[in-house]
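# Close look at the chain arrangement
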Amino acid sequence: MEKIIEIQHLKKSFGENEVLTDINFSVNKGEVVCIIGASGSGKSTLLRCLNLLEIPTSGKILYHGKNILEHGMSNAVYRAKMGMVFQQFNLFNNLTVLDNCVVGQIKVLKRDAATAKKTAMEYLDQVGMSQYITAKPNQISGGQKQRVAIARALSMEPEALLFDEPTSALDPEMVGEVLKVMKSLAKSGLTMLVVTHEMAFARDVSNRTVFMDKGVIVEDDVPEVIFNNPSNERTKTFLKRVLED
Amino acid sequence: MMSVTPDSPFFDWVLFIWLQNWPFFLKAAGITLIIALTGTIIGFGIGIVIGVIRTIPIDNTTGPIKRFVLKVVDLLLLCYIEIFRGTPMMVQAMVIFYGAAMVFGIQLTMLYAGIFIVSINTGAYMAEIVRGGILSIDKGQFEAAHSIGMTHSQTMFSIVLPQAIRLILPALSNEFVINIKDTSVLSVIGVVELFFQSKTAAGANFRFFETFTITSVMYFIMTFTVTRILRYFEKKLEGPSVYTIHGSQTVPEAEIKIVDRERD
């Protein structure tokens, strides 16, 4: 299997506070990896490091075998390959739904307007938002915003899509529509890395589930093992706590 | 031509002075508006440029040369802002108008001198307003733009600045109104704007109260009209409050108007 990203000995500190301690892990092409863990365990920081929204303190991020923290590839080019979906959606408030999906293609990928629009419409259609192209972000619901945000990331045709707790800021009745879109993406073979509190999603959809605690990866295995037969005590305690709710 | 005596009632004098001087008053009001408008627009431009430069991020990935240049530029801009915000425009007018002639041998025309002074003065205020506007935009907007590979300048000009400008528009209107009134200080260097013209007209009849009543009304009409017009534009920039759903599931041609969620 082809490794898209491999992380070696990654560390990240904010001042004195070490958030990530020696992370080693990799993502293969077509894999859906869910990262679970308590708040403050460093899972969002790990994801943000992968998109270089945070610059790691030390360690390597190998993208197709090349360390992007050292030389060669510009951050902008790399970031365009790693789409990101945020907890707070972060749609561009001054642009319509369509332009949210078009602006990056024109500015970064240098596509012409017609191609960009065609691509955007394709993905907006896929997430069921093609009817709302002239709406502004403040006119649509949270679930709709997140679906547009997914379409925006997909429009850049990235190699992998990073999801940072995509349903955590949503009203409960809107979680379903977003998860449905994510499930269909997973089925289509997109490489996905999902930080989530949705245990059912991790269990049913992911190929691999990673449990993080206090800045380290405690367990990294297929979801059947993580959820039914975890080997680590910390994983057991965490799952017992969240699954009881 | 009507005639008045020193004992004539107030409004007779007002009418008399107006009839005697109205073309000059109108011309002077025009000068006031031209200086205020041009000065506000140029000042806004200065403010945007400085606001954008001063919000260029400096972090661990910034190279040493770029870091040094940015710090120096930032310091110079800060000096400009502090000096022009910290001295009266009337004094700036004297220093620049007479200083330009003495030190550099540049004889500015009154109008250009006036526009120049109002512009750089407004620029100093707008620089901080624009910077505040940019800083008030949610960090998520930058992150989202960066996450799809946009550079800082692309993010600034296509995403952040349009939102920031909308936010600072009320402050811009405010600055314009202030400028209409503050052009009166340019009379010290002899710019024939409304205040200067009023002093001349009042001096001819020694009727200050009546003359400056006319002046006040004229200033008020200008500021009030401008405020209304800018308010209209602010509303317009907020965009339409409805949007259209293109082609519903059942009726492909349907165009359904949805009322804005937040403003409804």
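Structure: see above.
Heads up: these notes are all about the structure in this document. (Residues numbered from 1 in each chain as written. Chains lettered and ligands numbered in written order. Predicted model: local features only at pLDDT ≥ 70, side-chain atom pairs only at ≥ 80, totals over all residues. Heavy atoms only, no water.)

### Some remarks on the pairing of strand 2 (residues 17-28) of chain A
Residue and element names in this part refer to chain A. Judged from the eight bridges that link them, strand 1 (residues 3-14) and strand 2 form a sheet pairing that is antiparallel. In the strand pairing of strand 2, Ile 5 is matched with Val 27. Linking two consecutive strands that pair antiparallel, namely strand 1 and strand 2, is a turn of two residues; a positive phi of about 65 degrees is found at Gly 15 within it. (Pairing = 2+ DSSP bridges. Helix = DSSP H or I, 4+ residues; strand = E, 2+ residues; numbered from the N terminus.)

### Section: the sheet that holds strand 8 (residues 191-195) of chain A
All names here are of chain A. As summarised here, the arrangement of the six strands in space is 6-7-8-3-9-10, forming an open sheet in which the pairing is mixed. Two strands close off the open sheet at either side, each with one partner strand: strand 6 (82-85) and strand 10 (216-221). Adjacent strand axes in the sheet meet at a mean angle of 20 degrees, parallel and antiparallel pairs treated alike. Across four bridges, the pairing between strand 6 and strand 7 (residues 160-164) is parallel. Bridge pairing in strand 7 links Gly 83 to Leu 161. The strands that helix 1 (residues 43-50) touches are strand 3 (32-36), strand 6, strand 7, strand 8 and strand 9 (208-213); relative to strand 7, the one it contacts most, it runs at about 145 degrees. (Axes fitted to C-alpha atoms, helices over the stretch in contact; angles between N-to-C directions. Contact = heavy atoms within 4.5 Å.)

### Digging into the packing of aromatic side chains
Residue and element names in this part refer to chain B. The full count for this structure, using the stated rule, is 11 aromatic pairs over all chains. Geometrically, the ring pair formed by Trp 18 and Phe 25 is stacked, given 6.1 Å between the ring centres and 15 degrees between the ring planes. Owing to a relative accessible area of 28%, Trp 18 belongs among the partly exposed residues under this scheme. What makes Phe 25 buried here is its relative accessible area of 0%. Where Phe 195 meets Phe 212, the ring centres are 5.8 Å apart and the plane angle is 50 degrees; that geometry is what we call tilted. One end of the pair, Phe 195, is in helix 7 (residues 194-205); the other, Phe 212, is in helix 8 (residues 208-237), with 17 residues separating them in the sequence. Given the relative accessible area of 29%, Phe 195 is considered partly exposed. (Phe/Tyr/Trp six-rings, centres within 6.5 Å; stacked < 30°, edge-to-face > 60°. Buried < 20%, exposed > 50% of the residue type's maximum accessible area, 1.4 Å probe, protein only.)

It is worth stressing that arrangement in space is one thing and function is another; only the former is reported here.
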